[in-house]
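Residue strings, one per chain:
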Amino acid sequence: MTELKNIVGACCVCHSIRTNNEKNIWESSDEEAYKIANSEALGDWIALSHGYCPPCGEAVFAEIKKVKDKRRERQTYELREKIDERNHAE
Ligand SMILES: [Zn+2]
């Protein structure tokens, strides 16, 4: 017989734990509570599902966007250089 695990959402950045799935409520947990929830002892009935809590998610997405924008800037710059080169060659 397989037991149904309690899947608990946990933030991989700040270690907040989602205490209400329906309302998407996250509560910051201290390091101790996080360790207990993540421990082998409770592993049989609790599974932490790592993701991002809303504030950390926003920060991570902002960071990703920054990197993407930088890359796009760089690509635009390189493209401009190529066009310039071609114009000079003609
Ligand atoms: Zn977080």
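Residues numbered from 1 in each chain as written. Predicted model: local features only at pLDDT ≥ 70, side-chain atom pairs only at ≥ 80, totals over all residues.

Draft legend 1. Examining the overall build of the protein more closely. A tally of regular secondary structure across the protein gives two helices and four strands. Written out in order from the N terminus, the α and β elements of the protein read β-β-β-α-β-α. Structurally, the protein occupies a C-alpha span of about 75 × 30 × 25 Å along its principal axes. Relative to its 90 residues, the protein shows a buried fraction of 9%. Once local pairs closer than 6 in sequence are excluded, the contacts in the protein between residues at least 24 apart make up 54%. (Helix = DSSP H or I, 4+ residues; strand = E, 2+ residues; numbered from the N terminus. Buried ≥ 20, exposed ≤ 12 C-beta atoms within 10 Å, placed from the backbone. Contact = placed C-beta atoms within 7 Å.)

Draft legend 2. Highlighting the nonpolar core. Core analysis: the largest hydrophobic core is formed by five residues, namely Ala10, Cys11, Trp26, Leu48 and Cys53. Non-local contacts of Leu48, meaning those with residues more than four positions away in its chain, are made with Val8, Ala10, Ala37 and Asn38. (Core = buried A, V, L, I, M, F, W, Y, C linked by C-beta atoms within 7 Å.)

Draft legend 3. Inspection of the pairing of strand S2 (residues 17–20) at higher detail. In terms of strand pairing, S2 meets strand S3 (residues 25–27) through three bridges, oriented antiparallel. Each bridged residue has a counterpart across the sheet, and for Arg18 the counterpart in S3 is Trp26. Between S2 and S3, which follow one another and run antiparallel, lie four residues, and Asn24 among them has a positive phi close to 55°. (Pairing = 2+ DSSP bridges.)

Draft legend 4. Representation of the confidence of the model for the protein within the structure. Per-residue confidence for the protein averages 86 on the pLDDT scale, and 91% of its residues sit at or above 70. Within the protein, the lowest mean pLDDT, 78, falls on helix H1 (residues 31–37), and the highest, 94, falls on helix H2 (residues 54–89). (pLDDT = per-residue confidence, 0-100.)

Draft legend 5. Summary view of H2. With 36 residues, H2 extends 52 Å from end C-alpha to end C-alpha; this agrees with the ideal 52 Å at 1.5 Å per step. By the criterion of burial, H2 is predominantly exposed, with just zero of the 36 residues buried. (Expected span 1.5 Å × (residues − 1).)

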